[in-house]
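Listed below are the residues making up each chain.
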Amino acid sequence: MLVCLIFFTGCKNDVVYQKKDIEISDETLGKISDEIFINTDYRLKEDAILYEDDNRNTAFETLEEGMVVRVLMEPYGGLAYISFEGLRGYVDLDKLEEI
């Protein structure tokens, strides 16, 4: 019969931990601007053009004022990537308002 004994010894120096203040920023919580959160629903406060890409040369649909959209990703160039009834694309951030 084989018996294995393993001994663990602590290090001779005591570890000293020091308090450190950690700031939690809005980005840590999923906030992407002063008013917009990722994976949150917003209402369009006016008609908005839906763009296929993150540039304004790829318009393919107009969404009407009052429609509810969901922001899916962090905005880029003033555009938020959204989802609406199966459509996905980009709209101008300034067209969104909290519900």
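Refer to the structure presented above.
Here's what I pulled together on the structure shown here.

About the cut-offs
Residues numbered from 1 in each chain as written. Predicted model: local features only at pLDDT ≥ 70, side-chain atom pairs only at ≥ 80, totals over all residues. Heavy atoms only, no water. Patch = residues over 30% accessible without salt bridge, like charges linked within 9 Å, V, L, I, M, F, W, Y side chains within 5 Å. Areas by Shrake-Rupley, 256 points an atom, 1.4 Å probe, with all protein chains shown as cover. Salt bridge = Lys/Arg side-chain N within 4 Å of Asp/Glu carboxyl O. Lys, Arg positive; Asp, Glu negative; His and termini not counted. Charge placed at Lys NZ, Arg CZ, Asp CG, Glu CD. Helix = DSSP H or I, 4+ residues; strand = E, 2+ residues; numbered from the N terminus. Buried < 20%, exposed > 50% of the residue type's maximum accessible area, 1.4 Å probe, protein only. Phe/Tyr/Trp six-rings, centres within 6.5 Å; stacked < 30°, edge-to-face > 60°. Core = buried A, V, L, I, M, F, W, Y, C linked by side-chain atoms within 4.5 Å.

Quick notes on a negative patch on the surface
Part 1: A surface patch of like charges, here negative, comprises Asp-47, Glu-64, Glu-65 and Glu-97.
Part 2: Mapping Asp-47 onto the fold places it in the loop between strand 1 (40–44) and strand 2 (48–51).
Part 3: Asp-47 gets classed as partly exposed once you look at its relative accessible area, which sits at 44%.

Things to note about the packing of aromatic side chains
Part 1: This model, assessed by the stated rule, comprises one aromatic pair.
Part 2: Geometrically, the ring pair formed by Tyr-81 and Tyr-90 is tilted, given 4.9 Å between the ring centres and 55° between the ring planes.
Part 3: Residue classification places Tyr-90 among the buried residues on the basis of a relative accessible area of 14%.

Observations concerning the nonpolar core
Where a protein is soluble and globular, its nonpolar side chains tend to be buried together.
Part 1: Within the largest apolar cluster, 13 residues are counted, with the highest numbers of intra-cluster contacts made by Leu-44, Leu-63, Val-69, Val-71, Ile-82, Val-91 and Leu-96.
Part 2: Those elements that provide at least two residues to this core are strand 1, strand 2, strand 4 (68–76) and strand 5 (79–84).
Part 3: The element contributing the most residues to this core is strand 5, with three residues.

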